[in-house]
Amino acid sequence: MRPLRFSINITLDGCCDHRAVVPDEALHLHHARNLEQADALLFGRVTYQMMEEAWRLPAPEGAMPAWTEPFARTIDAAKKYVVSTTLTSVDWNAELIRDDLAETVTALKHQPGNGIFVGGLTLARTLTDLRLIDEYEFVVHPRLTGHGPTLFPGLTNPVDLKPTARLDLPSGAIALRYELAK
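Residues numbered from 1 in each chain as written. Predicted model: local features only at pLDDT ≥ 70, side-chain atom pairs only at ≥ 80, totals over all residues. Heavy atoms only, no water.

*Asks:* What is the right way to read the packing of helix H1 (residues 25-36) against helix H3 (residues 69-77) from this model?
*Replies:* Packed helices, taken two at a time, are described by their axes: the angle between them and the distance between them. In the contact formed by H1 and H3, the axes pass within 8 Å of each other and the chain directions differ by 25°. Between H1 and H3, the interaxial angle falls into the category roughly parallel. For the pair H1 and H3, the sense of crossing is left-handed. On the side of H1, the interface is formed by His28, His31, Ala32, Leu35 and Glu36, while H3 contributes Pro70, Phe71, Thr74 and Ile75. (Axes fitted to C-alpha atoms, helices over the stretch in contact; angles between N-to-C directions. Helix = DSSP H or I, 4+ residues; strand = E, 2+ residues; numbered from the N terminus. Parallel < 35°, antiparallel > 145°, perpendicular 65-115°, else oblique. Left-handed = near helix turned anticlockwise from the far one by under 90°. Contact = heavy atoms within 4.5 Å.)

Here's what the structure looks like:
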């Protein structure tokens, strides 16, 4: 069974707004390597539209630093599933999911492969409540913002996690990986 993995950037005070962290080459390379380990990406509508706008290739000349190209190529080529009740169609190598979320994600996990990465705060909270996410990665940035969206507001029940890995990035950010505690 393919594991469902969730990775997100977060500040020390809990902000998960992508604009709150300072991206650099090492961070983009780390996330590109994560995505390379997945057979597919699972996005909510907002994250899908944001990622498509930022990373769909070909990008206009000079639109992004050269060091973002590995991440851009990886995410552009990836198979994507988009959970939405408002979109009527998707492209960018994507398939729209409108059916029962738990049933559909469970079926995707049962397909052969290396894994699926999930992106988006609302979708990740819902999938966490459903106990469908197998692995979590929090890339904690040494920054305080005092604002922004936070992780898992309204989570129904606590989720116990077991640490599995740690990676210190040159920026001072720390990637902390966890899996569900059994």
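*Asks:* Help me understand the environment of His141, please; the structure alone is not making it clear to me.
*Replies:* Mapping His141 onto the fold places it in strand S6 (residues 135-141). Once the C-alpha coordinates of His141 and Asn9 are considered, the two residues, 132 residues apart in sequence, prove to be 7.2 Å apart. Leaving out residues up to four positions away in the same chain, His141 has contacts with Asn9, Ile10, Thr11, Leu12, Val21, Leu27 and Ala173.

*Asks:* Honestly, the layout of surface pockets in this entry has me stumped. Any pointers?
*Replies:* To find leftover empty space, a probe the size of one water molecule is rolled over the atoms. Reported here for the largest pocket is a volume of approximately 1200 Å³. Considering the residues around the largest pocket, the lining is formed by 40 residues, among which His18, Thr47, Met50, Met51 and Gly120 are closest to the centre. Taken together, the elements giving at least two residues each to the lining of the largest pocket come down to strand S1 (4-11), H1, strand S2 (40-44), helix H2 (45-55), H3, strand S5 (116-119) and helix H5 (121-129). No other element matches H2, which puts seven residues into the lining of the largest pocket. Computed from the structure, the second largest pocket encloses a volume of approximately 150 Å³. Forming the boundary of the second largest pocket are Leu57, Pro58, Ala59, Pro60, Glu61, Gly62, Ala63, Met64, Glu69 and Arg73. Looking at the lining of the second largest pocket residue by residue, the class counts come to six nonpolar, one polar and three charged. (1 Å grid on protein atoms, 1.4 Å probe; cavity = no way out; pocket = protein on both sides within 12 Å on 5 of 7 lines; lining within 4 Å. Points joined across faces, edges and corners; volume = space filled by probe spheres on them. Nonpolar A, V, L, I, M, F, W, Y, C, P; charged D, E, K, R; others polar.)

*Asks:* I tried to follow the environment of Glu25 on my own but got confused; where do I start?
*Replies:* If you trace the backbone, Glu25 turns up in helix H1. For the pair Glu25 and Pro170, spaced 145 residues apart in sequence, the C-alpha separation works out to 9.7 Å.

*Asks:* Even after reading the chapter, I still don't get unusual backbone geometry, so can you show me in this structure?
*Replies:* Backbone geometry follows two general trends: most residues other than glycine have a negative phi, and most peptide bonds adopt the trans configuration. Note the cis peptide between Leu57 and Pro58, where omega equals 0°. The phi torsion at Trp92 lies on the positive side, around 60°, for a residue other than glycine. For Arg131, which is not a glycine, the phi torsion comes out positive at approximately 60°. Note on placement: Arg131 falls in the loop between H5 and S6. According to the relative accessible area criterion, Arg131 is partly exposed, its value standing at 36%. (Buried < 20%, exposed > 50% of the residue type's maximum accessible area, 1.4 Å probe, protein only.)

*Asks:* Can you help me understand the pattern of salt bridges in this one?
*Replies:* Pairing between side chains of opposite charge can happen when the charged atoms of each approach one another. Scanning the entire structure with this criterion turns up twelve salt bridges. The salt bridge involving Asp91 is made with Arg56; its shortest N-O contact spans 3.0 Å. Taken together, the residues Asp91 in the loop between strand S3 (79-83) and strand S4 (94-97) and Arg56 in the loop between H2 and H3 connect sequence positions 35 residues apart. Assessed through its relative accessible area of 41%, Asp91 is described here as partly exposed. On the basis of relative accessible area, Arg56 is assigned to the partly exposed category, the value being 33%. Between Lys109 and Asp134 there is a salt bridge, and its shortest N-O distance comes to 2.9 Å. Of this pair, Lys109 sits in helix H4 (residues 101-109) while Asp134 sits in the loop between H5 and S6, placing them 25 residues apart in sequence. Counted as one network, the salt bridges with shared partners bring together Glu52, Arg56 and Asp91. (Salt bridge = Lys/Arg side-chain N within 4 Å of Asp/Glu carboxyl O.)

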